[in-house]
Amino acid sequence: MLHTCTMLFQFFLASHLLLVLPFLFLLVHFLRRTQSRESPTHLLPPSPPTLPVIGNLHQLTGSLPHRILQELSTKYGPVMLLHLGSVPTVIVSSPPAAEEVLKSRDVTFASRPHTTLTHRLYYGNQDLIFSKYGEQWRQLRRIATVHLLSHTRVLSFRPARQAEVALLVADIRSAAAASRPVNVSDVIIEFTSNFTCRVALGRTYSEEKGKGSKVNKLFDEITALLVAFPLRDHIPWLGWLDRLNGFDYKVKKVALEFDTFIEQVIQEHIKMRNSNERTHNSEDLVDILLSLGDVDSSVSLSQENIKGLIFVCSLIPPLFFHLNLKTYMSINIWKQDMFGAGTDTTFATIEWVMTELIRHPNAMRRVQEEIRGVVGAEAKEEIIGEEKLEEMKYLRAVIMEALRLHPIVPLLLPREASVDTQLQGYHIPKGTRVLVNAWALGRDPKLWDKADEFCPERFLNTSAFDFKGKDFRYLPFGAGRRGCPGIGMAEVTLELVLATLLLHFDWELPDGMRAEELDADEGHAIVIHRKSKLVLVAKPCRH
Ligand code: HEM
């Protein structure tokens, strides 16, 4: 009896379900349509058509990514969704959208995506640049701003800065005396790498027999990996191919060798600290990191944190630069990654400023007059007093304008939405990557008068812009809580080097080349350098 009842009930239920299901289906469909029409909360940003598996990757070839993305955004809008393989990536290229990412929803977008390489080379992302937003990042950021890159610390590096600037001037003088053109790119990279090496490690390793070539080889391997394209990061289901083609093995091997090297640097510093056998006068960044626990009880750093901080504070790249500059150049520095947060960026900026000044003789004349006027009688001295830099307003405007046209990290560093959120009314699912196209913002004719022209005057007599991202049209150092913490260090280095070069020398193009013939092509990289090296003739100036 019970069995019959159950059968009848099941039949009844099934026949009703058959009637009810189409109705339910229509209801859900209707609700969905009403919701998407009435509220934009589930509307994704516009997107160019995608191909299966690779998404929009095929559209990113042929030119530089920031230029391609700028062109696409004129068609698809300032908040545009691309699929890089299977990775949803939003590109932002208007001031209100940038402000939402970097200011009003800063916390939501404060994480960085992790990739195979950053995870394995950057100590499981236990560094500052690639840390997810959270307690670990907060602690590392505090250490960087309070202990490593504070105003007082930047001042304390003055002797190292001045000593290296003196060597730079001597180098250029000797080229001028021999009537040789100066390879400005080479001398500037040597300066920035030597300076950072002094500040960071307090010494160089170049003179150690045998070690140089071993470390060079390691660096060759890292560079090769940095320009590779791990499938796992963009098309995860093909990740097994990374194992099959040996990529995973190489990354593991290089990460291990690299760790052994950093470990050795740390051990040398510990030994020196214990025995008081310091070979240099002031503390370097490794010393500071190692003694942090003694001076700040709130700091607790793991070995991985220390190594990660050493790694990102540009302590390693300059070392390699120093070990063998020629090898470094020959293995193609132009393809370097953000590996040298401090070194590479400062070097590339100086190169662009000199390029624009040579192409604009009026601006060159004006900035030289300013510098020579401010320095006055002191001009006989080789090195400018750093307190004089404050007075060089036009020089600052020149640097700002060069960075508007050539923001050397044109897409900033990638961010990631840590929860489902909104951006300019569009729905942004958790995990979406976000790139802010600072290059497009700086060149937008709707935002700037004569947007493609070099015109430093636009930054004179105005306090509307700064390097911290006060105005979202101008973001060469990013903005918000993940904005660049090295601005203070970069500013003084850039100003001192440029003021010195422009004080002591008049600059010309070689072989009768005309200013309009000098190219300003950009190389392929995350930090954008000139494509070719900048070679100029320096004529010592008697003031
Ligand atoms: C002209 C020189 C420089 C430029 C143009 C520059 C630019 C940038 C940019 C665009 C970012 C990403 C910001 C964002 O995502 O909003 C960044 C981050 C960073 N920069 Fe710089 N930078 C320069 C020099 C330096 C120096 C000298 C250092 C330190 C020695 C440094 C250390 C860092 C670090 C650690 C981060 C990551 C911060 C974080 O994720 O919390 N930078 N920089």
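Keep in mind the model is a prediction, meaning the values are calculated, not measured.

Colleague: Help me understand the overall build of the protein chain, please; the structure alone is not making it clear to me.
Modeller: Helices and strands together make up the secondary structure of the protein chain, namely 20 helices and nine strands. When each of the 543 residues of the protein chain is scored for burial, the buried share is 53%. When contacts within the protein chain are restricted to residue pairs at least 6 apart in sequence, those whose partners lie at least 24 apart make up 75%. Surface exposure of the protein chain reaches about 25,400 Å², of which carbon and sulfur atoms provide 58%.

Colleague: Whenever I open this one, the UniProt feature "binding site: heme" (unreviewed entry) in the protein chain confuses me. Can you help?
Modeller: Taking the UniProt record as the reference, the feature "binding site: heme" (unreviewed entry) is found at Cys484. Here Cys484 shows up in the loop between helix H19 (438-443) and helix H20 (487-504). Judged by relative accessible area, which is 31%, Cys484 ranks as partly exposed. Other than its neighbours up to four places away in sequence, Cys484 contacts Arg141 and Phe477.

Colleague: Any chance you could explain the sheet that holds strand E4 (residues 415-416) here in plain terms?
Modeller: Backbone hydrogen bonds hold the strands of a sheet together, and the pairing may be parallel or antiparallel. Overall, mixed pairing links the four strands, which are arranged E1-E2-E7-E4 in an open sheet. Because the sheet does not close on itself, it has two edges, and the strands there are strand E1 (79-84) and E4. Against the sheet, helix H2 (residues 65-76) contacts E1 and strand E2 (87-92), and its axis sits at roughly 125° relative to E1.

Colleague: It is not clear to me how the sheet that holds strand E3 (residues 182-183) should be interpreted in this structure. Could you clarify?
Modeller: Spatially, three strands are ordered E3-E9-E8 in an open sheet, and the strand pairing comes out antiparallel. The sheet terminates laterally at E3 and strand E8 (505-508), the two strands that pair on one side only. Across four bridges, E8 lies against strand E9 (residues 535-540) in antiparallel orientation. Note on E9: the bridge partner recorded for Phe505 is Pro540.

Colleague: What am I meant to see in the site of the ligand here?
Modeller: Looking at the ligand, there are 25 residues lining it, with Arg112, Trp137, Arg141, Arg415 and Cys484 nearest. For the ligand, an oxygen atom lies 3.5 Å from a polar atom in the backbone of Ala479. When contributions to the shell around the ligand are tallied by element, the ones reaching two or more residues are helix H5 (135-148) and helix H16 (343-359). Each residue belonging to the shell around the ligand can be placed in one class, and the counts come to 15 nonpolar, six polar and four charged.

Colleague: Hey, could you run me through the nonpolar core in this one?
Modeller: What tends to happen in soluble globular proteins is that the nonpolar side chains get buried as a cluster. Within the largest apolar cluster, 93 residues are counted, with the highest numbers of intra-cluster contacts made by Ile188, Met354, Met392, Leu502 and Trp507. Ignoring any residue separated from it by four or fewer positions in sequence, one finds Leu502 in contact with Met354, Leu357, Met364, Val367, Gln368, Ile371, Arg372, Leu395 and Trp507. Counting 20 residues, the second largest nonpolar core, distinct from the first, contains Leu102, Leu441, Phe472 and Ala479.

Colleague: How do you make sense of the packing of helix H7 (residues 158-177) against H20 when you look at a structure like this?
Modeller: The relative placement of two packed helices comes down to the angle between their axes together with the axis-to-axis distance. With their axes 11 Å apart at the nearest point, H7 and H20 run at an angle of 30° to one another. As judged from the angle between their axes, H7 and H20 are roughly parallel. Crossing angle aside, the handedness with which H7 passes H20 is right-handed. Residues Arg161, Gln162, Val165, Leu168, Val169, Ile172 and Arg173 of H7 pack against Val492, Thr493, Leu496, Val497, Thr500, Leu501 and His504 of H20. Tallied by class, residues from the contact of H7 with H20 come to eight nonpolar, four polar and two charged.

Colleague: For this particular structure, what's the right way to read the pattern of salt bridges?
Modeller: What the rule picks out here adds up to 26 salt bridges. One salt bridge connects Arg481 with Asp106, and the closest N-O pair in it is separated by 3.1 Å. Of the two residues, Arg481 sits in the loop between H19 and H20 while Asp106 sits in the loop between helix H3 (95-104) and helix H4 (116-121), which places them 375 residues apart along the sequence. We classify Asp106 as buried; its relative accessible area is 5%. As a salt-bridge pair, Glu401 and Arg404 come within 2.8 Å of each other at their nearest N and O atoms. In this pair, Glu401 and Arg404 are both assigned in helix H18 (residues 393-405), three residues apart and thus about one turn of the helix distant. A single burial state applies to Glu401 and to Arg404, both of which are buried.

Colleague: Before we go on, may I ask you to explain the pairing of E2 in this structure?
Modeller: The side chains of a regular strand alternate, residue by residue, between the two faces of the sheet. For E2, the buried fraction is high: five of the six residues fall into the buried class. Hairpin remark: E1 followed by E2, antiparallel, with two residues in the connecting loop; positive phi at Gly85, about 65°. Alignment of E2 against strand E7 (residues 433-436), held across four bridges, turns out to be parallel. Bridging across to E7, Thr89 finds its partner in Arg433.

Colleague: Explain the side chain of Thr349 to me, please; I cannot follow it from the model alone.
Modeller: Note that Thr349 resides in helix H16. The class of Thr349 is buried, set by a relative accessible area of 5%.

Colleague: Help me understand the packing of helix H17 (residues 361-375) against H18 in this model?
Modeller: The N-to-C vectors of H17 and H18 enclose an angle of 140°; their axes lie 8 Å apart at closest approach. The pairing of H17 with H18 is recorded here as oblique in orientation. The segment H17 lies against H18, with Ala363, Arg366, Val367 and Glu370 engaging Lys393, Tyr394, Leu395 and Val398. For the contact of H17 with H18, the residue count by class is five nonpolar, no polar and three charged.

Colleague: Help me understand H17 in this model?
Modeller: Given 3.6 residues per helical turn, the α-helix brings residues three or four places apart onto the same face. With 15 residues, H17 should reach 21 Å at 1.5 Å per residue; the first-to-last C-alpha distance of 21 Å fits that figure. Three or more residues of H17 are buried, namely Ala363, Met364, Val367, Gln368, Glu370, Ile371, Val374 and Val375. An end-on view of H17 places all buried positions within 160° of arc, on one side of the element. Residues of H17 that are exposed and angled more than 90 degrees away from the buried face: Asn362, Glu369 and Gly373. Directly after H17, the chain includes Gly376, whose backbone phi takes a positive value near 55°.

Colleague: I'm lost on the environment of Gly442 in this one. Help?
Modeller: Within the secondary structure layout, Gly442 lies in helix H19. Along the chain, Gly442 and Pro476 lie 34 residues apart, while their C-alpha atoms are 8.8 Å from each other. Other than its neighbours up to four places away in sequence, Gly442 contacts Arg404, Trp448, Ala451 and Arg473.

Colleague: What is the right way to read the environment of Pro78 from this model?
Modeller: Relative to the elements of secondary structure, Pro78 occurs in the loop between H2 and E1. The class of Pro78 is partly exposed, set by a relative accessible area of 39%. Separated by 32 residues in the primary sequence, Pro78 and Pro46 have C-alpha atoms spaced 9.4 Å apart. Excluding residues within four positions of it along the chain, Pro78 makes contact with Ser73, Ile91, Val92, Ser93 and Ser94.

The rules we used
- Residues numbered from 1 in each chain as written.
- Predicted model: local features only at pLDDT ≥ 70, side-chain atom pairs only at ≥ 80, totals over all residues.
- Heavy atoms only, no water.
- Helix = DSSP H or I, 4+ residues; strand = E, 2+ residues; numbered from the N terminus.
- Buried < 20%, exposed > 50% of the residue type's maximum accessible area, 1.4 Å probe, protein only.
- Contact = heavy atoms within 4.5 Å.
- Areas by Shrake-Rupley, 256 points an atom, 1.4 Å probe, with all protein chains shown as cover.
- UniProt positions renumbered as here; feature names shortened; annotations may be inferred.
- Pairing = 2+ DSSP bridges.
- Axes fitted to C-alpha atoms, helices over the stretch in contact; angles between N-to-C directions.
- Near = heavy atom within 4 Å.
- Polar contact = N/O pair within 3.5 Å; in protein donor to acceptor, adjacent residues only side chain to side chain.
- Nonpolar A, V, L, I, M, F, W, Y, C, P; charged D, E, K, R; others polar.
- Core = buried A, V, L, I, M, F, W, Y, C linked by side-chain atoms within 4.5 Å.
- Parallel < 35°, antiparallel > 145°, perpendicular 65-115°, else oblique.
- Left-handed = near helix turned anticlockwise from the far one by under 90°.
- Salt bridge = Lys/Arg side-chain N within 4 Å of Asp/Glu carboxyl O.
- Expected span 1.5 Å × (residues − 1).
- Arc of directions from axis to C-beta.

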